[in-house]
Amino acid sequence: MLKELQERIVEHIKRDPLFADVTVVAAVKGRIADEIEKALGSLGLLVVVEPLRGPLRHVGGRISTEPQFEVNVMENVTLNRARASFATADDLTERICWLLRGGQTPPPPIFAVGWELASDLDENFGYRVEAKTREPLELSP
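About the cut-offs
- Residues numbered from 1 in each chain as written.
- Predicted model: local features only at pLDDT ≥ 70, side-chain atom pairs only at ≥ 80, totals over all residues.
- Heavy atoms only, no water.
- Helix = DSSP H or I, 4+ residues; strand = E, 2+ residues; numbered from the N terminus.
- Rg over C-alpha atoms; globule rule 2.2 N^0.38 Å.
- Buried < 20%, exposed > 50% of the residue type's maximum accessible area, 1.4 Å probe, protein only.
- Contact = heavy atoms within 4.5 Å.
- Areas by Shrake-Rupley, 256 points an atom, 1.4 Å probe, with all protein chains shown as cover.
- Lys, Arg positive; Asp, Glu negative; His and termini not counted.
- Charge placed at Lys NZ, Arg CZ, Asp CG, Glu CD.
- Pairing = 2+ DSSP bridges.
- Salt bridge = Lys/Arg side-chain N within 4 Å of Asp/Glu carboxyl O.

## Quick word on the overall build of the protein
Okay, step 1: A tally of regular secondary structure across the protein gives four helices and eight strands.
Okay, step 2: Element order for the protein, N to C, with α for helix and β for strand: α-β-α-β-β-β-β-α-α-β-β-β.
Okay, step 3: Whereas a compact globule of 141 residues would reach a radius of gyration of roughly 14 Å, the protein reaches 16 Å, a difference of no more than 12%.
Okay, step 4: Here the C-alpha coordinates of the protein stretch approximately 55 × 35 × 25 Å along the principal axes.
Okay, step 5: The burial tally for the protein puts 38% of its 141 residues in the buried class.
Okay, step 6: Long-range pairs, those at least 24 residues apart, make up 54% of the contacts in the protein with a sequence separation of at least 6.
Okay, step 7: Accessible surface, the protein as shown: approximately 8300 Å² in total, 53% of it carbon and sulfur.
Okay, step 8: With 17 positive and 22 negative side-chain charges, the protein shows a separation of 6 Å between the mean positions of the two kinds.

Structure representation (structure tokens):
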């Protein structure tokens, strides 16, 4: 369930024209470090969708959860802003918040509920967007 939802989020973001030249990936253990290095080393931008946590509810022998996700926007400022035209981590973060809003038909797979500056210590710069499902999802064995 989480993997499928994660992929739907990635596809929802990738459909937007602003992300045409941006690597958008689902965090998968063992693969994500390579994706980060490759994307930041070539274009200077990367968006990573990661499942974080989900409260569990137990009712009548069934279990449900409301998964919470983190969408990380990373930018290597030196590489990215040396290109003739570029979008910044700020631009992408604002757009992701817009793409993950309510009032759309069909609704996005998750809804943005907050954002924060994640890193601004060196040439790498980034934001974190927090998002969650609107309603619980039932887990099955």
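## Re the pairing of strand β5 (residues 68-76)
Okay, step 1: For β5, a buried count of seven out of nine residues is recorded, marking the element as mostly surrounded by other parts of the structure.
Okay, step 2: Here strand β2 (residues 45-53) runs beside β5; their pairing, made up of eight bridges, is antiparallel. Looking at the pairing, Leu 46 lines up with Met 74 of β5.
Okay, step 3: Pairing between β5 and strand β7 (residues 124-132): nine bridges, direction antiparallel. Bridge pairing in β7 links Asn 76 to Asn 124.

## Remarks on the environment of Ala 20
Okay, step 1: Counting through the fold element by element, Ala 20 comes out in the loop between α1 (2-14) and β1 (23-26).
Okay, step 2: Residue classification places Ala 20 among the exposed residues on the basis of a relative accessible area of 64%.
Okay, step 3: For the pair Ala 20 and Thr 93, spaced 73 residues apart in the sequence, the C-alpha separation amounts to 15 Å.

## As for the pattern of salt bridges
Okay, step 1: Across all of its chains, the model carries seven salt bridges by this definition.
Okay, step 2: With a closest N to O distance of 2.8 Å, Arg 81 and Glu 75 form a salt bridge.
Okay, step 3: Residues participating in the shared-partner salt-bridge network are Glu 70, Glu 116 and Arg 128.

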